[in-house]
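# Tertiary structure, described
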Amino acid sequence: MLRYVFRRTISLGLSLLVASAVVFAVVELVPGDPASFMLGTGAQPETVAALREQLGLDQTLPVRYAAWAAALLQGDFGQSFTYKTPIAGMILDRMQVSLPLAMMALLLAASIAFPVGIYAAARRGRIGDAAVMGGTQLGIALPNFWFAMLLVLLFAITLRWLPAGGFPGWGQPGPAIKALILPAVALALPQAAILARVLRSALIDTQGQDYIRTARAKGLTAGQTLLRHALRNALIPVLTIMGMQFSFLLAGAIIIENVFYLPGLGRLIFQAISQRDLIVVQSAVLVLVAAVIAVNFLVDLAYAAIDPRLRRR
Amino acid sequence: MILTQDLSVTIGQVPVLSAVDLRLDPGTITGLVGESGSGKSMTALAIIGLLPRHAAASGRIMLDGQNLLTMPETRLCDIRGRRIGMIFQEPMTALNPLMTIGDQVAEVLRVHHGMDRKAALSRARARLDRVGLPDPRFPLSLYPHELSGGQRQRVAIALAIAERPDLLIADEPTTALDVTTQAQILDLLAGLVRDEGMALLLITHDLAVVAGIADRVAVMKSGRIVEEAPTERLFRTQDHPYTRRLFAASLHVPARREHEHARSGTTPLLQLRNAVREYRLPQGGRLRAVDDVSLTIRPGESVGLVGESGCGKSTLTRAILGLDPLLGGSIELDGMRVTAGRNMPPKLRARMQVVFQDPFGSFDPRWRIDRLIAEPFHLTGRPPDWRDQVAGALEEVGLDASDARKYIHEFSGGQRQRIAIARALIIRPRLIVLDEAVSALDVRVRAQVLDLLADLRRSHDMAYLFISHDLSVVRGITERVLVMQNGRIVEDGRAEQVIDAPRHACTQSLVAAMPRIPQAWTARPVPCPGPDISHAGRGA
């Protein structure tokens, strides 16, 4: 097991290194010079050159990558071209919204999907299963922004239980959590529908296995067999999907962030792209890539915790 | 005592069991024999109350004066595992891969007695000791993947007998195991019946297995028991014609040509010199799976390769086929060097073909038969008359030319194996490697396929390398037998000599482990039949 963790950790480090190089290179390849863009079209060539030097743009690519990576390691992401503030602070602010939002949404999705998926698998081919399959089909098909608007209409405007949008900051934990509830629900539902379907089909596959028959021959009831033997064996595909969902929720929440006026990471990236604030885009993308790699690392560890056969690899 | 009376089962409109009467007494072993699809497994599943969802059962299954068929599910759960235990054919998949063997055995005790984990584990320990998995070598914390097939079957037995049931049902328990392991497992089962006084229902399609162990035998055909009697009497009299047919097939040996024995003096077709192949083990270190093996096969010769599982047969086969590289030594086919990977010329690859064990897994289900059979043409270039050749190959293996447009699922196991042979034949190879090619087939189908192979070899002058752990089959179809142990060839000689007068200890133990029908019981003076190691007969 230790060897497995060690090897996964090495692979985590290598992935981060490669990812940072790729992110850096891609942004470099995008046409357009940040210095001339910042100074506008009427700027003197000397002024542009001076700014280029100040930004370090006149140096060679490897040198700039090394300087950029070294700064990153110290938490220095550089300064935004547009806002002239440290990027690390901007991303950190946005993460305070996006990270809890993604976690809440995923937790919610899982807590809906597990009972529903298990129920459908247990009632396979019967009316309860058909209802779940129909409902989850609908959950996947409906766009979440539309669903978000319905939630706002009901819970914010009619019932006035929850705010319709905005984020007060974590200085007031109560209202902050309340502000994230509706967006988390809107994000969670389609994910819950996907997850429930994946869990159902994984459970059904597992239930055809020989060891399930052995468990029944031992005297376990169908329900006990499902929970004690099938569920754990069905977890691997479910975990894979959950890892992918978390990564998606972290940055893919941009539409929901807009519906609820949340200062999240998605909106930051969107604004930075439209303002050609490339260094912000670069940093935010890198943070997201790192998050995805970290989540995959955790998923890998979870695989090994579940399946003893993987620990030897 | 457990009785089935007039037990019938239908799935949809199709009857799968009709009026089955069985009496399973304490301390007796009842053999239930028949071909795949005859209803053996369905009988077992009906008794333990695990019939498929759409099956409807009628009649009675009596345990202590209570009819199990009318019992509610909750009470059946109490009976399963406690009064009736069951083990299945595939030990490799019968255990939960994510649970330790200790917990899996202990679970039976916990479910039925609400025992706490510690007490249940200590009872589990005793049961595992009983089935031959003693303490220091086999701790409770092992996972199934850390055990061999035979050891896993022992775990399955331990959990089936954990509660000392009145009846143990064993559905083809040794079919997936090699002869030596099979003999050990059968010994264990017989010992359990003797010591614990349970009844054993042993389902198998191998007559030799029941001959050696069962007190009574029931023969099943198309969902009916056609004959039932004490073992010896059944074997001696064979009252029912179907029983006779089954016996004849299991003793079948393909007719031989007189001058078939090795054409000496000719240059070898296949020659291995000091072949070595190693694997890296997951826990570090290396396993020498093929250790300094030298052998020759002459053109037109049929050679058997036998040995226990794990002796290196498969590794050697892969190297001969040019699928894996050698670490040392050489392999030559027709004087040309066999190498793994791309640098082996297609023309050379075309000179050997292979037929695998699994007639279900070795075909792409989305391809039509003509495309499947014509596939080896990618080695030689597809001739313009390829469709005629496919039709010819189909007819040669006893199928119809019109089968060419069908899909593989439309054929039975025996027919699929014929298709696999047609696929190997189509480019007229000089050597066909038959890797457990008849092991998954029922006795009667197996007899037909063996005849077919013998005919084809005669008409096409091909050589066979016939890999099997079934000595009786090897004896029937090969002239020379190689015995492999720990990666080495330990004995090489004429088939009759190797099997009737084995010299090496390994061969002797393989021959000793062969289950056999006592010669006095059979009317004809035929050689003893061997075990039918097969994966067929699994579910009806």
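Here the structure is a predicted model, which means the values were calculated and not measured. (Residues numbered from 1 in each chain as written. Chains lettered and ligands numbered in written order. Predicted model: local features only at pLDDT ≥ 70, side-chain atom pairs only at ≥ 80, totals over all residues. Heavy atoms only, no water.)

## Quick look at the overall build of chain B
The helix and strand tally for chain B stands at 19 helices and 20 strands. For 540 residues, the compact-globule estimate of 2.2 N^0.38 gives 24 Å, and the C-alpha radius of gyration of chain B, at 25 Å, lies within 12% of that figure. If you line up chain B on its principal axes, its C-alpha atoms span 70 × 55 × 50 Å. The long-range fraction of contacts in chain B, counting pairs at least 24 apart against all pairs at least 6 apart in sequence, stands at 68%. (Helix = DSSP H or I, 4+ residues; strand = E, 2+ residues; numbered from the N terminus. Rg over C-alpha atoms; globule rule 2.2 N^0.38 Å. Contact = heavy atoms within 4.5 Å.)

## Some thoughts on the overall build of chain A
Scanning chain A for helices and strands turns up 13 helices and 0 strands. In sequence order, the secondary structure elements of chain A are arranged as α-α-α-α-α-α-α-α-α-α-α-α-α. Summarising its shape, the C-alpha atoms of chain A cover approximately 85 × 55 × 35 Å along the three principal directions. For chain A, with 313 residues in total, the buried portion stands at 43%. Partitioning the intrachain contacts of chain A with sequence separation of at least 6 by distance along the chain shows that 72% fall at a separation of at least 24. Accessible area for chain A stands at about 15,800 Å²; split by element, carbon and sulfur atoms hold 69% of it. Side chains of chain A give 25 positive and 14 negative charges; the mean places of these two sets differ by 20 Å. (Buried < 20%, exposed > 50% of the residue type's maximum accessible area, 1.4 Å probe, protein only. Areas by Shrake-Rupley, 256 points an atom, 1.4 Å probe, with all protein chains shown as cover. Lys, Arg positive; Asp, Glu negative; His and termini not counted. Charge placed at Lys NZ, Arg CZ, Asp CG, Glu CD.)

## Considering the pattern of salt bridges
All names here are of chain A. Scanning the entire structure with this criterion turns up 43 salt bridges over all chains. A salt bridge links Arg8 to Asp300; its shortest N-O distance comes to 2.9 Å. Here Arg8 is found in helix H1 (residues 2–29), whereas its partner Asp300 is found in helix H13 (residues 278–306), with 292 residues between them in sequence. Look at Arg8 and you get partly exposed, because its relative accessible area is 29%. (Salt bridge = Lys/Arg side-chain N within 4 Å of Asp/Glu carboxyl O.)

## Focus on a positive patch on the surface
Among the surface-exposed residues, Arg123, Arg124 and Arg126 of chain A together with Arg53 of chain B lie close enough to one another that they form a single positively charged patch. Take Arg53 of chain B: it is sitting in the loop between helix H1 (40–48) and strand E4 (55–63). The class of Arg53 of chain B is exposed, set by a relative accessible area of 53%. (Patch = residues over 30% accessible without salt bridge, like charges linked within 9 Å, V, L, I, M, F, W, Y side chains within 5 Å.)

## Some words on helix H9 (residues 210–217) of chain A
Each turn of an α-helix holds 3.6 residues, which means side chains three or four residues apart point in the same direction. Of all 8 residues that make up H9 of chain A, 7 are buried, and the element is covered over most of its length. Burial in H9 of chain A covers these residues: Asp210, Tyr211, Ile212, Thr214, Ala215, Arg216 and Ala217 of chain A. Considering only its buried residues, H9 of chain A is in contact with helix H8 (173–207) and helix H10 (222–251) of chain A together with H1, helix H2 (73–79), strand E6 (84–87) and helix H5 (149–161) of chain B. Positioned one or two residues after H9 of chain A, Gly219 of chain A has a phi angle of 110°, which is positive.

## Regarding the interface of chain A and chain B
Tallying the contact residues gives 23 residues for chain A and 28 residues for chain B. Together, the buried faces of chain A and chain B total about 2,500 Å²; carbon and sulfur atoms form 55% of this surface. At the junction of chain A and chain B, the tally comes to 3 salt bridges. In this structure, the salt-bridge partner of Glu107 of chain B is Arg228 of chain A, at a minimum N-O distance of 3.4 Å. In this assembly, chain A and chain B are joined by 14 residue pairs in polar contact (both at pLDDT 80 or more). (Buried area = accessible area lost by both parts, 1.4 Å probe. Polar contact = N/O pair within 3.5 Å; in protein donor to acceptor, adjacent residues only side chain to side chain.)

## Things to note about unusual backbone geometry
Residues and elements named next belong to chain A. You will see that Lys84, though not glycine, has its phi angle at about 55°, which is positive. Of note, Lys84 is situated in the loop between helix H4 (61–73) and helix H5 (87–122). At Arg160, a position not held by glycine, the phi torsion is positive, near 60°.

## Points about the packing of aromatic side chains
Going through the model one piece at a time under the given rule, you end up with 7 aromatic pairs over all chains. Cluster of aromatic residues (ring-pair linked, three or more members): Phe24, Tyr65 and Trp68 of chain A. The cationic tip of Arg213 of chain A hangs over the ring face of Phe88 of chain B; the distance from NZ or CZ to the ring centre is 3.8 Å. (Phe/Tyr/Trp six-rings, centres within 6.5 Å; stacked < 30°, edge-to-face > 60°. Lys NZ or Arg CZ within 6 Å of the ring centre and 35° of its normal.)

## Topic: the packing of helix H7 (residues 144–158) of chain A against H8 of chain A
All names here are of chain A. Two elements in contact, H7 and H8, have axes whose closest approach is 9 Å; the angle formed by their N-to-C orientations is 140°. It follows that H7 is oblique to H8 by the angle criterion. As H7 runs across H8, the sense of the crossing is right-handed. Counted together, Asn144, Phe147, Ala148, Leu151, Val152 and Phe155 of H7 and Leu182, Val185, Ala186, Leu187, Leu189 and Pro190 of H8 form the full contact between these two elements. When grouped by side-chain class, the residues that make up the contact of H7 with H8 number 11 nonpolar, 1 polar and no charged. (Axes fitted to C-alpha atoms, helices over the stretch in contact; angles between N-to-C directions. Parallel < 35°, antiparallel > 145°, perpendicular 65-115°, else oblique. Left-handed = near helix turned anticlockwise from the far one by under 90°. Nonpolar A, V, L, I, M, F, W, Y, C, P; charged D, E, K, R; others polar.)

## With respect to helix H3 (residues 101–113) of chain B
Its 13 residues place the ends of H3 of chain B 19 Å apart at the C-alpha level, agreeing with the 18 Å of an ideal helix rising 1.5 Å per residue. Residue Glu107 of chain B marks the point of greatest curvature in H3 of chain B, where the axis turns by about 30°. Counting buried residues in H3 of chain B gives 10 out of 13 residues, a clear majority hidden from the surface. Contacts from the buried residues of H3 of chain B go to H10 of chain A together with H2, helix H4 (117–130) and H5 of chain B. (Expected span 1.5 Å × (residues − 1). Bend = angle between axes of the 7 residues up to and from the residue.)

## Some thoughts on the pairing of strand E8 (residues 199–204) of chain B
Two faces, one strand: in a regular strand the side chains alternate between the faces of the sheet. All names here are of chain B. Among the 6 residues in E8, 6 count as buried, and that is most of the element. Because side chains alternate across E8, one face comprises the buried residues Ala199, Leu201 and Ile203, and the other comprises Leu200, Leu202 and Thr204, equally buried. One crossover worth recording links strand E7 (residues 167–171) to the parallel E8 by way of helix H6 (residues 179–196), and it is right-handed. (Right-handed = clockwise from strand over helix to strand, strands pointing away.)

## Overview of the pairing of strand E10 (residues 224–230) of chain B
All names here are of chain B. With 6 bridges joining them, strand E9 (residues 216–221) and E10 adopt antiparallel strand pairing. Note on E10: the bridge partner recorded for Val217 is Ala229. Taking the residues that link successive antiparallel strands as the turn, the E9-E10 hairpin has 2 residues, and the phi of Ser222 there is positive, at about 45°. (Pairing = 2+ DSSP bridges.)

## Some points on the confidence of the model for chain A
In the predicted model, chain A carries a mean pLDDT of 88, and 97% of its residues have values of at least 70. Of all secondary-structure elements in chain A, the lowest mean pLDDT belongs to helix H2 (residues 34–39) of chain A, at 69, while H9 of chain A reaches the highest, 94. (pLDDT = per-residue confidence, 0-100.)

## With respect to the state of the cysteines
All names here are of chain B. In the structure shown here, the tally under the stated rule is 0 disulfides over all chains. No disulfide involves Cys311; its sulfur sits 7.5 Å from the nearest other cysteine sulfur, which is in Cys506. For Cys311, a relative accessible area of 5% corresponds to the buried category. (Disulfide = S-S within 2.5 Å.)

## What about the domain arrangement of chain A?
Size of an interface, as often reported, equals the accessible area lost when the parts are brought together. Residue and element names in this part refer to chain A. One can read the domain layout of chain A as domain 1 (2–73) and domain 2 (87–312). Taken over C-alpha atoms, the centre of domain 1 sits 32 Å from the centre of domain 2. Taken together, the contact pairs 17 residues of domain 1 with 17 residues of domain 2. The contact between domain 1 and domain 2 buries some 1,600 Å² in all, and 75% of this surface belongs to carbon and sulfur atoms. On the surface where domain 1 and domain 2 come into contact, there are 1 salt bridge. (Domains from an automatic or database assignment.)

## Quick word on the sheet that holds E8 of chain B
All names here are of chain B. Pairing in this open sheet of 6 strands is mixed, and the strands run E6-E7-E8-E3-E9-E10 from one edge to the other. Looking at which strands have only one partner, the edges of the open sheet turn out to be E6 and E10. Looking at each pair of strands side by side, their axes are set apart by 15° on average, direction ignored. Bridging between strand E3 (residues 29–33) and E9 involves 4 bridges; their strand directions are parallel. By the bridge assignment, Leu32 is partnered in E9 with Ala218.

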